[in-house]
Amino acid sequence: MIIAKEENIKFGGYRIGRYDISPDLGSDANFGVARGWLSVCQEKHQETCVPIQLTTLPDRVLDVRQSGSSWDLRLIETGDIQGVYLTLSHSWGDPTIVLKTTTQNLAQMIARIEFSAMPNTFQDAVTITRKLGYRYLWIDSLCILQDSREDWEITSVKMGDIYKDSALTIAAAVSTGSSGNLIRVCEQAPVTILHNALRINASDDYYRPISIRQKEKFEDQLLDGIVKSHLATRGWALQERYLSERILYYGKRQLYWECRGHLCAADGDEPDKYNETQFWRWHHGPQDNGDSTTNSTTVTEITPSKYRELCSTWYSILEQYSKRNLTVASDKFPALSGIAAQFARLTSDKYVHGLWERDLKVGLLWRCEEPKNAHRPQEFRAPTWSWAALDGDISLNFSKHSFVGTLHDAEVVDWNVILAGRDRFGCVKGGHITLTGYSWPLLKIDGDISKAGIEHDAYFGHPIFDVASEGNSGDMADSYFDTANLRFVCGWKEPKSGETREVGPESLTLFLVRMIAAIGYAGEKIPGPEETDTPHFNRHAHYGALILRAVGDKGIYERVGYLSMYCTLSRYSQAWTKSTITII
């Protein structure tokens, strides 16, 4: 049901109908909607949103101010002048056809950029910036020298702040490349007017007409425009969304708005109790600083519970990020560096490339959700203990548990990461973590474990190898303790007809990291590491362990998987060894 924007028909506290919207996303009516959202945010969201104000401009921006009747624009090098600017969040598509600034054409771009020579996405972004009354626009491919690694590194360090400090981010939600349109005219089904069809109050004799339009089967709505759009599949776009104060999305048929104070569609659609969690985004706002008028980087000491909350939030972000795609594989760390920098300021913790020092034993226990769809990049990108060494969906679903350590948890001896550039949250070229703890031999056999004739103990846990080629873990059976040879064994379930395996037997190491759930301790005090009598040692509990493969020198390993251990440690203590290992 369609209603006029100025009407507010409610029944039982719920608004009835959707607002009538213009099918032309470039119409005056739609720009009026966008200006209205901006105005409300400025005037009413002081407690939730950082106000639009003068800030130091990025090193280069597009000056879109029109000169006479010319639509052309130019690139300017700002020299740290103050101003207000907008940013564009978009999908490049084919990088070979994206309009770029390079060291070769920089002078030409500073002199003039022909509006008509720009791809559609860029033209529309310029038009939107002008229509909303702003002069400066930042677009990555035009404001970073694309043939200069040095310029890219300098800018990538600032990328998070570029989006955080912009007045508004224009999001090309559905465009798959720079040739796509933001401003479009959408076809809509005709509206049917039914006269004398709606009575709001049963005691009222007044009937009003209603307008009805048939809903298209795949018509985009709020969820589709923001969290299920093409842009939401791109890796860089995650931090662009999380760090932007205000975002104006251009969808298939309407505009969408997102700031910390409001989230809605032009037709009035808003999140409800059934889908509101799907719109979650981490955002560090004025109330987090305690002072909305300053940009101080000084962080007061946070409580353990607040630190735990921030770490859980970080792991949730990683899970979302791991599902997204990157055109350039080496961007895995840089595309998240802005958020990592924010977390470092909030926690005063040290970044261990993808993980955090104070929560390292929790962070090491990430696991791959779909090993058959995962792979490692051809070139080195991260040490194997980091989730960034993998292209695949990851999970850390035990990260919210807050248990004190036990006497048998591993201890971090030291760690080191070798940076590959200027950004301390960016690319790396090496690193290691050294741990002291308990480990067992783990034999991976090349057959059906149920037919291996192993004299084994009860169920122990399910191994998950990081990629299928290192264990085909999607078809692996549970792991068992080989009581005759004092080792753990993992193998396969019975193979399907016609299925072949290319993974041979291998001797690996199972390294205990920490307890992640204390089963059966409801209402009891969970033992701490200072206690010499450790009841958990003789109680069933849930532990996280890493599957490691020895490489090179003795004591050097690489991570190949994860195993959740449901066991009583005392049953296997005769087979474990305490040692110091290094994972690279």
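Undergrad: Please give an account of the nonpolar core that cites residues and values.
TA: Leu62, Leu248, Trp314 and Ile339 are the most contacted members of the largest nonpolar core, which has 115 residues in total. Per-element tally for this core: the top contributor is helix α9 (residues 304-322), with eight residues. Sequence-distant contacts of Trp314, defined by excluding residues within four places in its chain, comprise Leu336, Ile339, Ala340, Phe343, Tyr351, Gly354 and Trp356. By size, the runner-up hydrophobic cluster in this structure holds 24 residues, among which are Ile547, Leu569, Tyr572 and Trp576.

Undergrad: Explain the packing of aromatic side chains to me, using residue names and the numbers behind them.
TA: Evaluation of the coordinates by the stated rule reveals 18 aromatic pairs. Both rings, one in Trp314 and one in Tyr351, keep their centres 6.0 Å apart while their planes meet at 90 degrees; by these two values the pair is edge-to-face. With a gap of 37 residues between them, Trp314 in helix α9 and Tyr351 in strand β17 (residues 351-352) connect regions that are remote in the sequence. In terms of burial, Trp314 and Tyr351 fall into one category: buried. For the ring pair Tyr321 and Trp387, a centre distance of 6.1 Å and an interplane angle of 90 degrees mean the geometry is edge-to-face. Pair noted here: Tyr321 is in helix α9 and Trp387 is in the loop between β19 (367-368) and β20 (394-395), with a separation of 66 residues, a long-range link.

Undergrad: Residues and numbers for the pattern of salt bridges, please.
TA: Tallied over the full model, the rule gives 27 salt bridges. Close ionic contact of Arg367 with Glu369 constitutes a salt bridge, the shortest N to O distance being 3.1 Å. Arg549 serves as the salt-bridge partner of Glu506, at 2.6 Å between the closest nitrogen and oxygen. Of this pair, Glu506 sits in strand β26 (residues 506-517) while Arg549 is found in strand β27 (residues 541-550), placing the two residues 43 residues apart along the sequence. Of the residues examined, Arg549 reaches a relative accessible area of 18% and is grouped as buried. Residues joined by salt bridges that share partners form a network here, namely Asp161, Lys164, Asp165 and Arg345.

Undergrad: Lay out the pairing of strand β6 (residues 60-63) with the relevant residues and their values.
TA: Residues Arg60 and Leu62 line one face of β6 and the alternating positions Val61 and Asp63 line the opposite face, and both faces are buried. For β6 and strand β7 (residues 74-77), the ladder comprises four bridges, and the chain directions are antiparallel. By the bridge assignment for β7, Leu62 is matched with Leu75. Here β6 runs beside strand β10 (residues 136-138); their pairing, made up of two bridges, is antiparallel. Paired with Asp63 across the bridge in β10 is Tyr136.

Reading the values: the criteria
- Residues numbered from 1 in each chain as written.
- Predicted model: local features only at pLDDT ≥ 70, side-chain atom pairs only at ≥ 80, totals over all residues.
- Heavy atoms only, no water.
- Core = buried A, V, L, I, M, F, W, Y, C linked by side-chain atoms within 4.5 Å.
- Buried < 20%, exposed > 50% of the residue type's maximum accessible area, 1.4 Å probe, protein only.
- Helix = DSSP H or I, 4+ residues; strand = E, 2+ residues; numbered from the N terminus.
- Contact = heavy atoms within 4.5 Å.
- Phe/Tyr/Trp six-rings, centres within 6.5 Å; stacked < 30°, edge-to-face > 60°.
- Salt bridge = Lys/Arg side-chain N within 4 Å of Asp/Glu carboxyl O.
- Pairing = 2+ DSSP bridges.

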